[in-house]
Amino acid sequence: MEKNLTTGSVFGNLALFALPYLLSYFLQTLYGMADLFIIGQFGSVADITAVSVGSQVMHMLTVMIVGLAMGTTVSIGQAVGGGDRRLAARVTGNTAVLFMGVSVVCMALLQALVRPIVAVMSTPAEAVEGTAAYLSICFAGVPFITAYNIISSVFRGMGDSRSPMYFIAVACAANIALDYLFMGVLDIGPAGAALGTTLSQALSVAIALTVILRRRSIPLKKQDFRPARPVMGRILSIGVPIALQDGLIQIAFILITIIANRRGLTDAAAVGIVEKIISFLFLVPSSMLSSVSALGAQNIGAGKPDRALRTLGYAIAIAAGFGLAASFVIQFSAEPIVALFTDRGAADGAEVIRMGGQYLRGYIWDCVFAGIHFSFGGYFCACGRSELSFLHNILAIALMRVPGVYLTSTLFPDTLFPMGLATAAGSLVSVLICLAAFAVIRRRGRQAAV
């Protein structure tokens, strides 16, 4: 399970670690993509909107859990890089206690807030009941979402990005099969999408726990599960800024969804579909963030900061190159891609495709800029400076992303293209702030060395 990432080719380590991570993200994204695709084949525009709104709320919750778990990945990575296996075990035990307690509280709180959340999202009236049913079932599965992500964070901190990929592959296959059963055969609409997702997540956790028990590769003792303030403090000091950052990013996207929902059911469905497509294309930038965090943490823990810097450079090149290629292709294929998620012949189907194509053509440029600032974010986390990631994202949201989308929606009521460009402009602001922060860190590092 454990793999040393502090020796050998930097690019090779990045590629070998990032590829399973990328595939894991791909499979996890298929959860939402499959839900939306299958509901589009068997349901109405209102059902599509219900699943897209509900899954966006769940995505926000999931990325916050993943962000918080980044504290575990970095802490274990630094311990492994420094050769301290006992500390790695203590981090693992404290993570389990901390996260499972948080997940139970969140589950109870969210169940009580289903209707207010649906209202805050400005969900179109036709989709309210479907969205509420979807969220009620998914919120019951919060402990499973949490368990899967903390187990994955432990594996990745120890240099193993393959095992989480295997866990999620089985779960993804189960989710698709269950979606066809619940939404196709049984015809229970958005609630069926939620049931498929929740049951498949429970399966992934069961598989992961079975593997851990059989391998016995984590030398845990009873005392590792006793809360230790320094250990939990370290996890939270790294994870909380990332969780808040990811949460606020998702709040920004939810505000964008609210703006789109107020434009009507057609625009709401178009934006919901494009958000799913973008989440798929963002797999490469996201995998670079997580890979740079894990590899950088091990190398910094081993006293090899130059290798961490080289990892950052390769990650930026890969992510930005992918973003440019995707942006070029989308300019010629936006409508056919959106059409995969709705029926052109259905009521309002053609209009959803047209508006979705406009939004996607503008939004896609976000892949270029996001790839760069995600890579920087991973490096800041590896250095224990996750607050810098929080800072640049908050500033980008407040200065550009949300106000830009609101203004373009108001000024251009007949098209979604300018709204898409406004989201990309928000990431450009993040890139500029990241470059400035990186320059300051490097200058201070040189001064300290002297």
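Definitions and limits used
Residues numbered from 1 in each chain as written. Predicted model: local features only at pLDDT ≥ 70, side-chain atom pairs only at ≥ 80, totals over all residues. Heavy atoms only, no water. Salt bridge = Lys/Arg side-chain N within 4 Å of Asp/Glu carboxyl O. Helix = DSSP H or I, 4+ residues; strand = E, 2+ residues; numbered from the N terminus. Buried < 20%, exposed > 50% of the residue type's maximum accessible area, 1.4 Å probe, protein only. Axes fitted to C-alpha atoms, helices over the stretch in contact; angles between N-to-C directions. Parallel < 35°, antiparallel > 145°, perpendicular 65-115°, else oblique. Contact = heavy atoms within 4.5 Å. Core = buried A, V, L, I, M, F, W, Y, C linked by side-chain atoms within 4.5 Å. Phe/Tyr/Trp six-rings, centres within 6.5 Å; stacked < 30°, edge-to-face > 60°. Disulfide = S-S within 2.5 Å. Nonpolar A, V, L, I, M, F, W, Y, C, P; charged D, E, K, R; others polar. Patch = residues over 30% accessible without salt bridge, like charges linked within 9 Å, V, L, I, M, F, W, Y side chains within 5 Å. Areas by Shrake-Rupley, 256 points an atom, 1.4 Å probe, with all protein chains shown as cover. Expected span 1.5 Å × (residues − 1).

**Structural notes on the pattern of salt bridges**
Here comes step 1: Across all of its chains, the model carries four salt bridges by this definition.
Here comes step 2: Salt-bridge contacts for Glu129 lead to Arg115; the nearest nitrogen and oxygen are separated by 3.0 Å. Separated by 14 residues along the polypeptide, Glu129 in helix α5 (residues 128-140) and Arg115 in helix α4 (residues 114-120) bring together distant segments of the chain.
Here comes step 3: Here Asp366 ties to Arg401 by a salt bridge, and the two come within 3.5 Å at their closest N and O atoms. Of this pair, Asp366 sits in helix α14 (residues 366-382) while Arg401 sits in helix α15 (residues 386-411), placing them 35 residues apart in sequence. Side by side, Asp366 and Arg401 carry an identical accessibility label, which is buried.

**Describing the packing of helix α3 (residues 85-112) against helix α9 (residues 229-261)**
Here comes step 1: The interhelical angle for the contact between α3 and α9, taken along N-to-C directions, is 70°, at an axis separation of 9 Å. Taken together, α3 and α9 sit at an angle that is classed as roughly perpendicular. On the side of α3, the interface is formed by Arg90, Val91, Asn94, Thr95, Val97, Leu98 and Phe99, while α9 contributes Val231, Met232, Ile235 and Leu236.

**What about the environment of Leu399?**
Here comes step 1: Among the structural elements, Leu399 can be located in helix α15.
Here comes step 2: With 18 residues separating them along the chain, Leu399 and Phe417 place their C-alpha atoms 20 Å apart.

**Brief notes about the nonpolar core**
Inside soluble globular proteins, nonpolar side chains tend to come together where they are buried.
Here comes step 1: Among the nonpolar cores identified, the biggest contains 73 residues, and Met58, Tyr134, Leu135, Phe139, Ile273, Tyr359 and Leu360 are the most heavily contacted of them.
Here comes step 2: Of all hydrophobic cores here, the second largest spans 28 residues; its members include Leu68, Val154, Ile168 and Cys172.

**A few points about the side chain of Thr131**
Here comes step 1: Mapped onto the elements, Thr131 comes out in helix α5.
Here comes step 2: Once residues within four sequence positions are removed from consideration, Thr131 is found in contact with Ala50, Val53, Gly54, Val118 and Thr123.

**Quick look at the packing of aromatic side chains**
Two numbers describe a pair of aromatic rings. These are the distance of the centres and the angle of the planes.
Here comes step 1: One pass over the full model with this rule turns up seven aromatic pairs.
Here comes step 2: Consider the rings of Phe282 and Phe374, whose centres lie 5.9 Å apart with planes at 90°: the pair is edge-to-face. Taken together, the residues span a long stretch of sequence, with Phe282 in the loop between α10 (265-281) and α11 (283-301) and Phe374 in helix α14 at a distance of 92 residues.
Here comes step 3: With a centroid separation of 6.1 Å and an interplanar angle of 25°, the aromatic rings of Phe376 and Phe380 are classed as stacked. Of this pair, Phe376 and Phe380 both sit in helix α14, four residues apart, which is roughly one turn of the helix.
Here comes step 4: Grouping aromatic residues by their ring pairs yields a cluster made of Phe376, Tyr379, Phe380 and Phe438.

**Digging into the state of the cysteines**
Here comes step 1: With the rule as written, the count across this model stands at zero disulfides.
Here comes step 2: Cys106 forms no disulfide, and the closest cysteine sulfur to it belongs to Cys138, at a distance of 15 Å.
Here comes step 3: Given the relative accessible area of 3%, Cys138 is considered buried.

**A word on the packing of α14 against α15**
Here comes step 1: Here α14 crosses α15 at 150°, and the two axes come no closer than 7 Å. Taken together, α14 and α15 sit at an angle that is classed as roughly antiparallel. Where α14 approaches α15, its residues Asp366, His373, Gly377, Phe380 and Cys381 are matched on the opposing element by Ser386, Leu388, Ser389, His392, Asn393 and Arg401.
Here comes step 2: Residue composition of the contact of α14 with α15, by class: three nonpolar, six polar and two charged.

**Observations regarding a nonpolar patch on the surface**
Here comes step 1: Together, Phe37, Phe42, Tyr180 and Leu340 line one region of the surface with nonpolar side chains, adding up to about 370 Å² of accessible area.
Here comes step 2: In this structure, Leu340 sits in the loop between α12 (305-339) and α13 (349-363).

**A short note on helix α6 (residues 142-157)**
Here comes step 1: Between its first and last C-alpha atoms α6 spans 22 Å; for 16 residues at 1.5 Å apiece the expected length is 22 Å, and the two agree.
Here comes step 2: Counting buried residues in α6 gives 15 out of 16 residues, a clear majority hidden from the surface.

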